Amino acid sequence: KSHRGPLAALLFFIGTLLPVLGFFNVYPFIYSYVADHFAYLASLAVIIPVAVVAAKRPYVSPLVVALLLVLSWREARAYRDVETLYTETLRRNPTSWISHNNLGDYLIDKPGRLDEAIGHFQAALHLKPDSANAHNNLGSAYSRLGRVPDAIGEFQKALTIRPDFPLALNNLGSALLKVPGRSAEAVQDLQKAVSLQPDFADAHNNLGAALARFPGRMPDAIAQYQLALELEPDSAEAHNNLAGALAGAGRPQEAIDHLRTAVRLKPESADAHDNLGIAMRQAGQKEEAISQFGAAVQYRPSSVQFRLNLGNALLDVPGRVPEAVAQFRAAVQIQPDAFNPHFLLGLALLRIPGHTDEALAEIQTALKIRPDPDAQRIIDQIRRIK
């Protein structure tokens, strides 16, 4: 009888670990063939006998509790957050390709850590070249860096491995839209994506953007945007895109409604604010247009077009010409070799008494950048007056 306890503990320990010793295929093995937490249940075969001994010898109990606390504290640190978990997994098993992939997928959305994400995706593919997910994720990272040809190559590799991969088809279609002359290919990939996964809101949205580029397909584009919003009503991008299509179809008030929703859902979207400003200006709502263009400039101060739009809106309101001039000057500083900033600055300066010479110089600079009959005509008129 005295040997039953240790024997029972041994059998329990072996029995609880046996299923995960490699004889059976269990899900966590896709991460690593070593998984420490499998030993948690089996450790009861050690803890219980020790606890029995400690109960008979009171001075041992505090030591056992302290030891377990320390061990638990040390192990718990590995589960502090997602990044720590995958980093610790890779420290213990550097060949875990899926941990590289998942860590990269986590880091890709973290500001300033895109290069780290790319490194992990590349490491995953070095370990498992036939991972469609890793190719797709690497393509997404390249796309965010503006490396569109590299992104397209990775999406195509993913689809070679897994042709029915809706996410890769959507990403490939979106990337192809950035390449002149490849919109028809984008439509094909995006149509396949929504046929494979009809509830894929982002693919419907991108398909709408692709169809909108073809003459006569605007109704189809609008239908795709509406489908995207039915599936994902809080998609600021889909509201913004649908608004653009509605405005092009002569439905300005509906466009304004969707743009208001877009800026409410995503206040930091500079494009949505700019588009709402354009719609408001077209509707004659001058002050609100200025407010929206101002928000666009606030969120993306380096955008020349946003500053030009704001400057033009300010010119619509009496007494705000100096503010418009300030926006055009800022645009010139950002892009000194562009025609429009110099030309519009010159036109605005003509409205301020005593600035004719400066206005003439700006318009002449614009003409040196690009010949333009309107600019030449204005210069001729100024010279005749002088």
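What you are looking at is a predicted structure, and each value in this text was computed from that prediction instead of being measured.

Q: In this structure, what is going on with the pattern of salt bridges? I would like to understand it.
A: A side chain with one charge can pair with a side chain of the opposite charge if their charged atoms come near. Here the structure, examined in full by the defined rule, presents 19 salt bridges. A salt bridge links Glu83 to Arg113; its shortest N-O distance comes to 2.8 Å. With Glu83 in helix 5 (residues 82-92) and Arg113 in the loop between helix 6 (97-107) and helix 7 (114-127), this residue pair connects regions lying 30 residues apart in the sequence. In this structure, the salt-bridge partner of Asp150 is Arg147, at a minimum N-O distance of 3.0 Å. On the basis of relative accessibility, which here comes to 35%, the residue Asp150 falls in the partly exposed class. Residue classification places Arg147 among the partly exposed positions, given a relative accessible area of 35%. Linked through salt bridges whose partners overlap, the residues forming this network are Glu83, Arg113 and Glu116.

Q: What is the right way to look at the packing of helix 19 (residues 321-334) against helix 20 (residues 339-349) in this model?
A: In contact at an axis separation of 9 Å, helix 19 and helix 20 are set at 160 degrees when each is read in the N-to-C sense. Considered as vectors, helix 19 and helix 20 are oriented roughly antiparallel to each other. Note that helix 19 runs across helix 20; the crossing there is left-handed. Every residue of helix 20 that contacts helix 19 at Val321, Val325, Phe328, Arg329, Ala331 and Val332 is listed here: Pro341, His342, Leu344, Leu345, Ala348 and Leu349. Of the residues belonging to the contact of helix 19 with helix 20, the class tally is ten nonpolar, one polar and one charged.

Q: What's the story with the side chain of Asn309 in this structure? I'm lost.
A: Positionally, Asn309 belongs in helix 18 (residues 304-315). The buried category is assigned to Asn309, whose relative accessible area is 12%. Residue contacts for Asn309: discarding those within four places in its chain leaves Asp274, Ile278 and Phe293.

Q: Honestly, a negative patch on the surface in this entry has me stumped. Any pointers?
A: On the surface, Asp202, Glu232, Asp234 and Glu237 cluster together into a patch of negative charge. Inspection of the secondary structure assignment puts Asp202 in helix 12 (residues 201-211). In this structure Asp202 comes out as partly exposed when scored by relative accessible area, which is 33%.

Q: Just checking my understanding: could you explain the packing of helix 9 (residues 148-161) against helix 10 (residues 166-176) for this structure?
A: Two numbers describe a pair of packed helices, the interaxial angle and the distance between the axes. Direction vectors running N to C along helix 9 and helix 10 enclose 155 degrees, while the axes themselves pass 9 Å from each other. As far as their axial angle goes, helix 10 and helix 9 are roughly antiparallel. The chirality of how helix 9 crosses helix 10 is left-handed. Two secondary-structure elements touch here, helix 9 through Val148, Ile152, Phe155, Gln156, Ala158 and Leu159 and helix 10 through Ala168, Leu169, Asn171, Leu172, Ala175 and Leu176. The residue makeup of the contact of helix 9 with helix 10, split by class, is ten nonpolar, two polar and no charged.

The rules behind the values
- Residues numbered from 1 in each chain as written.
- Predicted model: local features only at pLDDT ≥ 70, side-chain atom pairs only at ≥ 80, totals over all residues.
- Heavy atoms only, no water.
- Salt bridge = Lys/Arg side-chain N within 4 Å of Asp/Glu carboxyl O.
- Helix = DSSP H or I, 4+ residues; strand = E, 2+ residues; numbered from the N terminus.
- Buried < 20%, exposed > 50% of the residue type's maximum accessible area, 1.4 Å probe, protein only.
- Axes fitted to C-alpha atoms, helices over the stretch in contact; angles between N-to-C directions.
- Parallel < 35°, antiparallel > 145°, perpendicular 65-115°, else oblique.
- Left-handed = near helix turned anticlockwise from the far one by under 90°.
- Contact = heavy atoms within 4.5 Å.
- Nonpolar A, V, L, I, M, F, W, Y, C, P; charged D, E, K, R; others polar.
- Patch = residues over 30% accessible without salt bridge, like charges linked within 9 Å, V, L, I, M, F, W, Y side chains within 5 Å.
- Areas by Shrake-Rupley, 256 points an atom, 1.4 Å probe, with all protein chains shown as cover.
- Lys, Arg positive; Asp, Glu negative; His and termini not counted.
- Charge placed at Lys NZ, Arg CZ, Asp CG, Glu CD.

Keep in mind these values describe shape, not function.
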